[in-house]
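Next come the chains, spelled out residue by residue.
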Amino acid sequence: MTTSILDLTAFSPPSLYLLFAILSLIAPSVKSSWSLAYLGTSSALLLALPRCFVGGEEGDLLGSVMITLIALLGWVIVSYSRTYLEGERCQRRYIAALLSTLASVTVIALSDNLLTIGIAWTATSFCLHLLLTLYPERSGALLAAHKKFIASRIADLAYLLALALIVTEGETLQISGLMASVQDAGSLSPNLHLAAVLIVGAVILRSAQIPVHGWLMQVMEAPTPVSALLHAGVINIGGFVLLRLSPLLSQAPLAQALLVIVGSSSAVLAGIVMMTRISIKVRLAWSTCAQLGFMLMECGLGLYSLAFLHLLSHSCYKAYLFLSAGDAVIETRRRRLYSSFHTAARGRSIAVAEAMALTTVLFLICEFLVPSLHLPLPIFIIVGLAVTPFMWDRGISILSRSLRTVSVVGLYIVGHLLLEPLFSAHDGTSLVLTLLVITFFTMLYGIQEQIITRPDGSFSRTLYRWAFSGFYLDEWFTKTTFKLWPVQLVPRRERSMRVKTREAFAGKEL
């Protein structure tokens, strides 16, 4: 009975999305198209939910949780889009592209075959391209979609080369079989090492990490629900693929180092640039780049349960932020008006010590109570610095500040305990990579603390000039993009209007 339910829910969600995408195109009215889209996403959500409770074969819960998240986001976005796009002429095209994107992403979450994942990943890119260019008259949207298209095609090439190396090695393309073989062997051959690096490279390109990050900030001219779908769902696929391949990554030091270096660098730089942005959507886009950097870094350190918990929380939170962007502006203004960060330097130093002490004590207590719980050193630093701002405000009692810190750390530990069984044990993290991450995180905390508490200081003023320009990191990729594949950014309709206007004025002059 359990197997039959899993089989039904494995094939139904993608099929439902595609079926209702086709029906929405041939529906007699736009209103009917939206009703069909709502029915399709609701049905997919109802089919996805049982997988989280039924379970399945080992490792299947990872995909089950993922498709439930996708179905929930799809249902929310369709509900929001119906009102947001009311009166637009492109509604049918939007519905079909949205449902097709959801179908492709669901296939990635459910598939156990690397080739199928690659095909669905490419299909997701093409469907998302249609959504990003929903308003073809907007040059900024065309530029962003063009840059993303090139980065995705390079990622496709890297992924195909990785599959070719795996096949050449005589390994199967089934993830379960490949991971079992890797774990039994205990080490990777040179071809599999290179394949792991190529897959990581493909993930970095698709995850908009520095220096190929520019398109993620420039797609803000697409409709807000498209931004929610991209930032809360599609952009996280790379992290999910890495989690699927965690046994392979755990034995590929070069791939791990690449993830840690690129992810940490992106997190630090994007986190700084984000603080200089005024537009709430652009600020959220830089935040996504930073959060993905953290996620990839966590995968590189072997902190897979933390990365998956990060993926789930980031998806839900970012969808909420984009779909309530107007309220986010009001909330940001309220915080700036009422929040006080004028804590003395000594107080901020004490806050770091307090947060780290509370985090360490709570971790040690939990490890004592749950012997199977093992929390690596980087987690102490990451979580400790993350909750430090709770200890800044000296206007409230130490008890209130401590309760905030303990509650957040406690929620993380609960999430860690729930998700840790989904992943195989990791041998340990490289000391060099651990020290590198600690350095990056400490530096990011120090810089952000200076910017928040002393925005008019000489350090903040000097850094602002560079951060406001994005450290000029996107210019390189933009120039390379136009050299590889020039694109006409002036829409066809606008070009024809310019020609007609020019001819009219010429005739008048004559």
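Here, the structure is the one placed above.
Below: a short report on this structure. (Residues numbered from 1 in each chain as written. Predicted model: local features only at pLDDT ≥ 70, side-chain atom pairs only at ≥ 80, totals over all residues. Heavy atoms only, no water.)

### Concerning helix α10 (residues 224–232)
Turning to step 1, where the next piece is worked out: Taken across its nine residues, α10 has nine buried, putting it largely inside the fold.
Turning to step 2, where the next piece is worked out: Looking only at α10, the buried set comprises Thr224, Pro225, Val226, Ser227, Ala228, Leu229, Leu230, His231 and Ala232.
Turning to step 3, where the next piece is worked out: Those residues of α10 hidden inside the fold are in contact with α3 (60–84), α4 (91–110), α5 (114–132), α9 (214–218), α14 (280–300) and α15 (304–323). (Buried < 20%, exposed > 50% of the residue type's maximum accessible area, 1.4 Å probe, protein only. Helix = DSSP H or I, 4+ residues; strand = E, 2+ residues; numbered from the N terminus. Contact = heavy atoms within 4.5 Å.)

### Observations concerning the packing of aromatic side chains
Turning to step 1, where the next piece is worked out: The tally for this structure, following the rule as stated, stands at eleven aromatic pairs.
Turning to step 2, where the next piece is worked out: Seen in terms of ring centroids, Trp34 and Tyr94 are 6.1 Å apart; in terms of plane orientation they differ by 45 degrees. Their pairing is tilted. Here Trp34 is found in helix α2 (residues 30–54), whereas its partner Tyr94 is found in helix α4, with 60 residues between them in sequence.
Turning to step 3, where the next piece is worked out: Residue class for Trp34 comes out buried when judged on its relative accessible area of 3%.
Turning to step 4, where the next piece is worked out: Note on Tyr94: relative accessible area 1%, which makes it buried.
Turning to step 5, where the next piece is worked out: Aromatic pair Phe126 and Phe149: ring centres 5.5 Å apart, planes at 80 degrees, arrangement edge-to-face. Of the two residues, Phe126 is situated in helix α5 and Phe149 in helix α6 (residues 139–168); the sequence distance between them amounts to 23 residues.
Turning to step 6, where the next piece is worked out: With relative accessibility at 15%, the residue Phe149 sits in the buried group.
Turning to step 7, where the next piece is worked out: An aromatic cluster is defined as three or more aromatic residues linked by ring pairs; in this entry it consists of Tyr304, Phe308 and Phe423. (Phe/Tyr/Trp six-rings, centres within 6.5 Å; stacked < 30°, edge-to-face > 60°.)

### So, a nonpolar patch on the surface
Turning to step 1, where the next piece is worked out: There is a patch of nonpolar side chains on the surface, built from Val361, Ile365, Phe368 and Leu369 and spanning about 450 Å² of accessible area.
Turning to step 2, where the next piece is worked out: Along the chain, Ile365 turns up in helix α17 (residues 345–369).
Turning to step 3, where the next piece is worked out: Residue class for Ile365 comes out partly exposed when judged on its relative accessible area of 43%. (Patch = residues over 30% accessible without salt bridge, like charges linked within 9 Å, V, L, I, M, F, W, Y side chains within 5 Å. Areas by Shrake-Rupley, 256 points an atom, 1.4 Å probe, with all protein chains shown as cover. Salt bridge = Lys/Arg side-chain N within 4 Å of Asp/Glu carboxyl O.)

### Observations concerning the environment of Val212
Turning to step 1, where the next piece is worked out: Within the secondary structure layout, Val212 lies in the loop between α8 (190–206) and α9.
Turning to step 2, where the next piece is worked out: A relative accessible area of 8% places Val212 in the buried class.
Turning to step 3, where the next piece is worked out: A sequence separation of 65 residues divides Val212 from Lys147, and the C-alpha atoms of the two residues are 8.5 Å apart.
Turning to step 4, where the next piece is worked out: Not counting residues up to four positions away in its chain, the partners in contact with Val212 are Ile204, Leu205 and Phe477.

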